[in-house]
Amino acid sequence: MKTGMRNALTYIVFVAPAVLFFIAFILFPLIRAIIYSFQDWDGIASQASWVGWGNYKRLLDDTDFGKSLAFTFKYVAVTAVLFNLSGFLLALALNMALKSRNLLRTGFFLPHVVGSVIIGFIWQFIIVQLFGEIGKATGIALFQKNWLSMPDMSFWSIVIVAVWHSAGYFMVIYLAALQGVPRDLLEASEIDGASRMRRLWSVTLPLIRPAMTVCFFLAISSSFKAFDLNFSLTRGGPFGSTESLALQIYSDAFVKNLFTYGAAKAVIFFLVLAGITLVQVGVMKRKEVEM
Amino acid sequence: MKKWFSSAIVFTVLAVLVAGCAGGNTKSGTSESVDANKGEKKPVIKILQNKIEITDKVKAMVADYNAYNPDVVVEVQVVKDYLTMLKTRFASGDAPDIFTTAGYNPMASWSDKLVDLSNEPWMGSVSPLTIEGMTMNGQKMGFPLAFEGFGVVYNKDLFAQAGIDTPPTTFSELKAAAEKLKAAGIKPYKEAYQEGFPLYHILNLGFAYEQDPLATLAKLEKQEMKLADLPFLNNVFDVLDLGMKYGEGQESLGVSYDSQVSDFATGKIAMINNGVWTIDPITKVNADINIGMFALPLTDNAEETKMPISVPGYYVINKDSKHVEESKKFLSWLHENGEKYLVDSFKFFPAFTDIKATDDLGPLAKDMAAYVESGKGITWTQSAWPVGYREDTVKRIQAYIGGQGDREQTIAELQKDWDNRVNK
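Criteria and cut-off values
Residues numbered from 1 in each chain as written. Chains lettered and ligands numbered in written order. Predicted model: local features only at pLDDT ≥ 70, side-chain atom pairs only at ≥ 80, totals over all residues. Heavy atoms only, no water. Helix = DSSP H or I, 4+ residues; strand = E, 2+ residues; numbered from the N terminus. Buried < 20%, exposed > 50% of the residue type's maximum accessible area, 1.4 Å probe, protein only. Contact = heavy atoms within 4.5 Å. Lys, Arg positive; Asp, Glu negative; His and termini not counted. Charge placed at Lys NZ, Arg CZ, Asp CG, Glu CD. Salt bridge = Lys/Arg side-chain N within 4 Å of Asp/Glu carboxyl O. Polar contact = N/O pair within 3.5 Å; in protein donor to acceptor, adjacent residues only side chain to side chain. Nonpolar A, V, L, I, M, F, W, Y, C, P; charged D, E, K, R; others polar. pLDDT = per-residue confidence, 0-100. Domains from an automatic or database assignment. Buried area = accessible area lost by both parts, 1.4 Å probe. Axes fitted to C-alpha atoms, helices over the stretch in contact; angles between N-to-C directions. Left-handed = near helix turned anticlockwise from the far one by under 90°. Core = buried A, V, L, I, M, F, W, Y, C linked by side-chain atoms within 4.5 Å. Patch = residues over 30% accessible without salt bridge, like charges linked within 9 Å, V, L, I, M, F, W, Y side chains within 5 Å. Areas by Shrake-Rupley, 256 points an atom, 1.4 Å probe, with all protein chains shown as cover. UniProt positions renumbered as here; feature names shortened; annotations may be inferred.

### Observations regarding the overall build of chain B
- Looking only at helices and strands, chain B features 17 helices and 14 strands.
- Taken along its principal axes, the extent of the C-alpha atoms in chain B is 90 × 50 × 45 Å.
- Here chain B holds 424 residues, and the buried ones make up 55% of them.
- Contacts spanning at least 24 positions in sequence make up 74% of the contacts within chain B whose residues lie at least 6 apart.
- The distance from the centre of the 44 positive side-chain charges to the centre of the 56 negative ones in chain B is 6 Å.

### A word on the pattern of salt bridges
- Scanning the entire structure with this criterion turns up 25 salt bridges over all chains.
- A salt bridge links Glu133 of chain A to Lys136 of chain A; the nearest nitrogen and oxygen atoms lie 3.7 Å apart. Taken together, the residues Glu133 of chain A and Lys136 of chain A, both in helix α5 (residues 116-138) and 3 residues apart, mark about one turn of the helix.
- Notably, a salt bridge pairs Arg235 of chain A with Glu195 of chain B, separated by 2.6 Å at the nearest N-O pair. With Arg235 of chain A in the loop between α11 (228-234) and α12 (245-255) and Glu195 of chain B in the loop between β9 (187-189) and α8 (197-208), this pair bridges two chains.
- On the accessibility criterion, Arg235 of chain A (31% relative accessible area) is partly exposed.

### Concerning the interface of chain B and chain A
- Each partner contributes residues to the interface: chain B has 37 residues there, and chain A has 39 residues.
- Our enumeration of links across chain B and chain A arrives at 5 salt bridges.
- Between Glu243 of chain A and Lys395 of chain B there is a salt bridge, with its nearest N and O atoms 2.8 Å apart.
- Here chain B and chain A share 11 residue pairs in polar contact (both at pLDDT 80 or more) between them.
- Looking at the side of chain B that touches chain A residue by residue, the class counts come to 10 nonpolar, 13 polar and 14 charged.

### Let's talk about the confidence of the model for chain B
All names here are of chain B.
- Scored by pLDDT, chain B comes out at a mean of 86, with 90% of its residues at no less than 70.
- The low-confidence segment residues 16-31, where pLDDT is below 50, has 11 contacts with residues more than four positions distant or belonging to other chains.
- Model confidence for the complex: the whole-complex pTM is 0.81, and ipTM, which rates the interface, is 0.80.

### As for the domain arrangement of chain B
Residues and elements named next belong to chain B.
- Entries for chain B in the domain assignment read domain 1 (2-147 + 313-354) and domain 2 (149-309 + 378-422).
- Each side of the interface is counted separately: domain 1 has 8 residues, and domain 2 has 9 residues.
- Summed over both sides, the interface between domain 1 and domain 2 buries roughly 700 Å², with carbon and sulfur atoms accounting for 65% of that surface.
- Of all residues in domain 1, Tyr104, Asn105 and Phe147 bury the most surface against domain 2, accounting for 61% of the area lost on that side.
- Scanning the region where domain 1 abuts domain 2 turns up 0 salt bridges.
- Joining domain 1 to domain 2, the criterion identifies 3 residue pairs in polar contact (both at pLDDT 80 or more).
- Top element by residues in the side of domain 1 that touches domain 2 is helix α4 (residues 105-110). It accounts for 3 residues.
- Looking at side-chain class alone, the side of domain 1 that touches domain 2 contains 4 nonpolar, 3 polar and 1 charged residues.

### Structural notes on the packing of α8 of chain B against helix α10 (residues 233-245) of chain B
All names here are of chain B.
- Where α8 contacts α10, the two axes come as close as 7 Å, and the packing angle between them is 145 degrees. Remark: the crossing between α8 and α10 carries right-handed chirality. Seen from α8, the contacting residues are Leu199, Ile202, Leu203, Leu205 and Gly206; seen from α10, they are Leu233, Val236, Val239 and Leu240.
- Residues that form the contact of α8 with α10 fall into these classes: 8 nonpolar, 1 polar and no charged.

### Regarding the nonpolar core
- Core analysis: the largest hydrophobic core is formed by 135 residues, its most contacted members being Met61 and Leu240 of chain B.
- In terms of residue count, the dominant contributor to this core is α8 of chain B (8 residues).
- Here Met61 of chain B is in contact with Tyr315, Phe330, Trp333, Leu334, Tyr341 and Phe346 of chain B, once residues within four sequence places are set aside.
- Formed by 58 residues, the second largest nonpolar core is a distinct cluster that contains Ile119, Ile127, Ile158 and Leu205 of chain A.

### Considerations on a negative patch on the surface
Residues and elements named next belong to chain B.
- A cluster of acidic residues, Glu339, Asp344, Asp359 and Asp360, forms a negative patch at the surface.
- Its place among the elements puts Asp360 in the loop between α14 (338-345) and α15 (363-373).
- Judged by relative accessible area, which is 58%, Asp360 ranks as exposed.

### Focus: the UniProt feature "domain: ABC transmembrane type-1" (unreviewed entry) in chain A
- Listed under "domain: ABC transmembrane type-1" (unreviewed entry) in the UniProt record, and renumbered for this structure, are residues 69-280 of chain A.
- Annotated as residues 69-280 of chain A, this span is 81% helix and 0% strand, and its ends, taken at the C-alpha atoms, are 19 Å apart.

Structure below.
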């Protein structure tokens, strides 16, 4: 067998499984969703009829969809910053020579191991019952209200819980990146008289850009797809003010029996998400520093 | 050697993948089970249903049936995310033979897949209130499992403490009762408006109080009348206001069903707008609690006060099942033994005239029975609303409770959703 042939074969063996899984579980459902979005089907009937752009036209008048889109964007903007900031600060702190750092690293990562639906239920109890008790004991007005009954506080409830849940995960990625920063560069800059902040800003940050690209990508895409916390903590309420796009698509397709309408929303969602993450990765890749 | 090795790997990997993909096409769950001893094939009837609270009891019932009927095998699966599972099973070609669905619109969505059960022996003894919801194009398609009612569940001891002797039968009496409770230092309400279902159950009253609710719905669907023309809709908002005023106010939006039920069961609140299904969670927290239930009055005419009572689920048979006759036999058997399984075991309030309710069903079912017997039951019209509308209404009423709009604006929003669902 020729080397070229053999290389091609090896290549196929290693890539084929991934490609096949990608086709079966991502590409095929995506194409189906696009087809569904041009049909009218409740998810049950034997026959689906074609409605052309009907579902998309209805989207234009759907104020709930607009609200959900606005909520999702706001949520992504806030969490993408907070996830990375908290993850990075934790990593910076736990990269220092602390005695308890292994324990602390485990502790901060631990929330990420628990499923978010369960976390939602636990925090629902904390926010509704425990915060109320704190309010009674301290007299702080902020804690005397039921947070989940107010749109603004519901939003921040989800953000707080999501940050608490994910910070450890981002911390781990940043820790790995921080440890990859060559010591000699840091020492050289120290000898040159650079301050701590200067070293962080001019040496460490440029060198961990690849980790930042990855972390921002993960934060943006996971926040866009937020579902479980909205589902278990606030149920999208009060009055739909914390209904993420993913939750709205789920409830349209499976609870309200508007399967094809949900598919149309999902297609728009896909285009928005793909567009934003492509731009994000493209822009941030360009800023990475090659060693 | 190497060449042989690499080609072997390629073929193995490809073979595994192809087999894996093809697996979906072959019938993985066959509809026949082979009896190891005789080598004969027995028909397998697959049941899929919701109500995970009674999973063990349903399995025990099926085990009994299998023991008495050695020539068939009944398999049952009780799942939580029921509708998603059901649709998935149908989509993947592994549809169950018997499954459950609610009446009216959900039944209509499934109707082209269902067997006509009009001539079954038990159909003659179903309760009249169950028929409308399961009749599609003149065919009766469901085996009603139970009756459930929505109203005010109240703590009799707390009512007595506040000096209220008889449950209120008019809206003014209800208001007075709340006032008396408050004066006696008892918290009257804690409404769980984070949940959708209490909201659409209350909204339903505005439709169900109509003389002929289904005719009214038909007019609304044809746009011959508007929601604002419903005379009782305004009273619905009075009920919501009452629950807020004597309860948690706007913060009701952050109260979940669990926290409402646990506060009620521990005697912290006197009444909840909820249904007979609360009996299990309440008695689990506090078995000795002295409770009852009355219809939520909407007007000051006690004659008009009626309880929405409906069938949450019917057993239906899949038309494409290979074992329709065996499935019918199973339902007939279940009816014959209805008292043992439906009532004594599942604790369902029977929806058949020839199956009697027992005191074991608890105080809420007992109070509901009085409404069933005196013909003071009305429809759960929310099941007959256009598909998806029931869930739409929740956000609008929550917005009203959260002070986002007044009654007129809320009704206008509700109308907009209605138009949206009717003109697709």
